[in-house]
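Here are the chains, one letter per residue:
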Amino acid sequence: MNLVIVESPTKARKLKGYLDTGYKVEASVGHIRDLPKTSIGVDIEQDFKPTYEVSLDKIRVIAQLEKAARLAETIILATDPDREGEAIAWHIKHVLTQDTKKTKKFVRAKFYEITKSAVLEAIEHPTTINMDLVDAQQARRVVDRLVGYEVSPVLWKKIRRGLSAGRVQSVALRMIVEREREIEAFEPDEYWEVDVALSAKQLKAAKVFLEENKFNLPDQSFIARAIQLNQKKYEPTKKDDVTDVIGLFPHASYTIQEVEKKERKRSSLPPFTTSTLQQAAANRLGYSSKQTMRLAQQLYEEGLITYHRTDSVGLSSQAIEMVRKYIGKTYGDGYLPASPRVFANTSKNAQEAHEAIRVTHINLDSQAVPGEGPKLAAQHAKLYDLIWRRFVASQMPAAVYDQTSLTIKAQPARKTQIESVTLKATGSVLKFDGWMKLFTASDDILLPDLEKGVTVHYLDHNAAQKFTQPPPRYNDASLVKELEKKGIGRPSTYASIISVIEDRGYVNRDAKRFVATPVGMTVSDFLLKHFPDFMEYEFTAEMEEDLDRIARGEKEWPKVVDAFYRPFHKKVGLAEKADRAQIPVEKTGEKCPKCGDTEKGEVVIRSGRFGKFKSCSRYPECDFTENIVETVAGAKCPLCGEGEVIIRNSRWGKPFYGCGRYPECNWASWRQPKPGETITKTVWAEMQKKREERKKKREAAEAKLYPERAAAKLAAAEKAAAKKAVVKEKAAAKTTTVKKKLTKKKSPKNLSSKPHSTASQRDLAKR
Ligand SMILES: [Zn+2]
Ligand SMILES: [Zn+2]
């Protein structure tokens, strides 16, 4: 018997369907080994040697893999075809070799689509684990671990406890913060758009301009824009520039000065890469990058699309043959170019770059997607449809337009300072739809057929005051585009870069666009001041390049990490001596209810470790604070049905939902309850019990695997409990004096965590 190991149960189920009884398929359910959670796990003095630990929740999975491995002749490692998958395969091999004393044969099978032919082909022609790819993954893991471990404590000391920094994430945060500052500093400029509605036929002047972009255009008429005044560029910036010009329009004579006709071609775009898929899904479907990757992962595991982490736009010859056959059969030979379109690949990682993201079964339409796997739903179908269309369109001919430009000369009836105004109109008519057959074509703009020298007639005019706009805030699409352009991040990391800075509370979303929070701005400014080199876009891009070089076998990973770490570590030492940074407060304009009448204190919003709260601008002289309770509008607690659903911040900034009646009702969840959702006391008790059991199991596994760590944890917990008991005792004895003393002793540090930091709520936040 042969054993095939993959990382996901869905993939395992799919593979079982393709392989005969000589193969057993097991899933590792993700990584089974990683750097430890409780210590740095990197030996800086010994070439950054990492110490990996078996994940506690994988004990059962590993036992199952070991059992299957003992019975197997060959173990086929069939994890995903990229650095992460290569590393998982390597870790699995390592763990299983420790158990199976006699040497087993391990091979690596790589396939980029989970279809029967691709899987069988890969299993019949296995390779070995590519250590260059594994090393590139290790280097990324180690360097990110070092940054996190060394910078986070500095942020705790200098800004606020609980903050953390990431190598690439901090640079992405910097982009969002810079954009926010650009918007703040932006001063809009006024400009005017001057348009005239003209007709080929002599018609009575009529109201044509209804409202912005809405017209009531009669047949044979069109709209032209003023572009020149007295044969010089006309760019009006104030009303005065416009008044005289529009005054002459109703009585001017209009002559066609120039007619320009040309054919314009519009080609389809190459098939999707990870970056362009995330951009299109965000723009067209409103999906976040994370959501797109989750849906794509499931489509891939069900065998419906090729591997979705790729920066290649290439297509295999089989794929091209498949799609060309389909195009010829479905749309006719007129839609089939003489030879296949070839897209140039810009990716330098040839050994990793496989194909673009495309569908595997051209005849399967999006309607059928939800039936193809138990987890697939309407959202998957929409993403699949996007991928299908882009793939098919990429091998179809260009759309052809007839484009016409008219230049019109307007001359005033009487002689004034204005001798002439030049107007321009552009029309375009789709002559052949080509690839646009698969998309709703944009509307034609029709111009009447006119010749040079003829006269056209005035209908109406319009002068619109406009202002230049600040650059828009980034959304998923524009941020991923910019990250890719700057060379920061890779197909496997774009989505996580975004979700990490969101989860940490460094950015919020406003109508799907990222807004840097006061905490995010403070962290970014602090890092930029004290780690300027490491926050440089070019530097981060160069580091990514180095990781690619490791993957190509051109560089050794400990050397790359060393070159990064030595100067970085020095900066950490310097930053430890820096001044504290203040998170700016938000003004509310309200006066402080405690001291506003006498001392003119104002209510300000501060960001604490557990979220925002109201405080007095005169702190610490005035100790007014009030919690800001954010609730889910219209929702009631699913458990008790009485309390409001309150949004709270957990320790790491990621929000969770809890009952407003806490501690009487202890309902809490990471997920926002659906409208009308209820949960019975029995089910809740059952969930609590299971959670407790899982915790106990984890602890038992830990005690067995890492006895010292478990003992240290136990000792720490006992110490904390004893300390709490003493505090309680003291508090009970001095209830009357405590309050006054606290007011005097408070420092900004403990104020920032005060409103939410009662022991019970901390407990909730830990969940
Ligand atoms: Zn006050
Ligand atoms: Zn409740």
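Refer to the structure above for everything that follows.
Residues numbered from 1 in each chain as written. Chains lettered and ligands numbered in written order. Predicted model: local features only at pLDDT ≥ 70, side-chain atom pairs only at ≥ 80, totals over all residues. Heavy atoms only, no water.

(A) Layout of unusual backbone geometry. Geometrically, the link from Y619 to P620 is a cis peptide bond, its omega value of 10 degrees lying close to zero. Tracing the chain through its elements places P620 in the loop between strand 22 (611–616) and strand 23 (625–627). Positive phi, close to 55 degrees, is recorded for D47, a residue that is not glycine. With respect to the helices, strands and loops of the structure, D47 is situated in the loop between strand 4 (42–43) and strand 5 (49–50). We classify D47 as exposed; its relative accessible area is 53%. Positive phi outside glycine occurs at K600, with the angle close to 65 degrees. Its location among the elements puts K600 in the loop between helix 17 (596–599) and strand 21 (602–608). (Helix = DSSP H or I, 4+ residues; strand = E, 2+ residues; numbered from the N terminus. Buried < 20%, exposed > 50% of the residue type's maximum accessible area, 1.4 Å probe, protein only.)

(B) Broad picture of the packing of aromatic side chains. Throughout the structure, instances matching the rule amount to 17 aromatic pairs. Three or more aromatic residues joined by ring pairs make a cluster, and in this case those are Y326, Y331, Y335, W388 and F432. A cation over a ring is seen here: R264 above Y401, with NZ or CZ 5.0 Å from the ring centre. Above the ring of Y537, the side-chain terminus of K486 is found at 4.7 Å from the ring centroid. (Phe/Tyr/Trp six-rings, centres within 6.5 Å; stacked < 30°, edge-to-face > 60°. Lys NZ or Arg CZ within 6 Å of the ring centre and 35° of its normal.)

(C) Quick look at the sheet that holds strand 23. The strand order 20-21-22-23 describes an open sheet built from 4 strands, whose pairing is antiparallel. Every interior strand has two partners, whereas the edge strands, strand 20 (586–591) and strand 23, have only one. Adjacent strand axes in the sheet meet at a mean angle of 30 degrees, parallel and antiparallel pairs treated alike. Inspection of the sheet shows strand 21 paired to strand 22 by 6 bridges, in the antiparallel sense. The residue of strand 22 that forms the bridge with G608 is G611. (Pairing = 2+ DSSP bridges. Axes fitted to C-alpha atoms, helices over the stretch in contact; angles between N-to-C directions.)

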